[in-house]
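# Inside the fold
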Amino acid sequence: MYIDGKLIGNKLKSLRIKNCLSIDDVSKKTGLTKMRILRYENDSSNLGLETLEKLLILYGENIFSFFDNIREYNHI
């Protein structure tokens, strides 16, 4: 199954907002640049698993449930 990078990016952005975190907050807590975070939120096609895991830990999200939610949304 193919999952569009934009779908993952949208989910990452919604998790950041849900956790009341700004781009600056995420940058400071993960060591990622603001531009990189914005790129991942727009299209996460080049997002590595290690970076995704770092973001999901910050957002309090389990990687398995994250992809389950993506998979469910992708089927709608």
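Please refer to the structure higher up on the page.
Below, the structure is looked at part by part. Bear in mind that the values here come from a model prediction, so they are computed numbers and not experimental data. (Residues numbered from 1 in each chain as written. Predicted model: local features only at pLDDT ≥ 70, side-chain atom pairs only at ≥ 80, totals over all residues. Heavy atoms only, no water.)

### Details of the packing of helix α1 (residues 5-18) against helix α3 (residues 34-42)
Applicable threshold: For helices, the fitted axis covers only the stretch in contact; all axes are lines through C-alpha atoms, and the angles between them, taken along N-to-C directions, range from 0 to 180 degrees. In this text, helices come from DSSP runs of H or I with a minimum length of four residues, and strands from runs of E with a minimum of two, each type numbered from the N-terminal end. Roughly parallel means an angle under 35 degrees; roughly antiparallel, over 145; roughly perpendicular, 65 to 115; everything else is oblique. Any two residues whose heavy atoms approach within 4.5 Å at even a single point are treated as in contact. Each residue receives one of three labels: charged for Asp, Glu, Lys and Arg, nonpolar for Ala, Val, Leu, Ile, Met, Phe, Trp, Tyr, Cys and Pro, and polar for the others, Gly being one of them.
Packing of α1 against α3 brings their axes to within 6 Å, and their N-to-C directions diverge by 120°. In terms of axis orientation, α1 runs oblique to α3. Of the residues in α3, those touching α1 at Lys6, Gly9, Asn10, Leu12, Lys13 and Arg16 are Tyr40, Glu41 and Asn42. Here the contact of α1 with α3 is built from residues that sort into two nonpolar, three polar and four charged.

### Focus on the packing of aromatic side chains
Put simply, the test is: Pairing of aromatic side chains requires ring centres within 6.5 Å, counting the rings of Phe and Tyr and the six-membered ring of Trp. Pairs whose planes differ by under 30 degrees are stacked, by over 60 edge-to-face, and all others tilted. Partly exposed residues are those whose accessible area sits between 20% and 50% of the maximum for their type, while under 20% is buried and over 50% is exposed, using a 1.4 Å probe and protein chains only.
Counted by the stated rule, this structure contains one aromatic pair. The interplanar angle of 80° and the centroid separation of 5.2 Å between the aromatic rings of Phe66 and Phe67 together place this pair among those described as edge-to-face. Classification of Phe66 by relative accessible area gives buried; the value is 0%.

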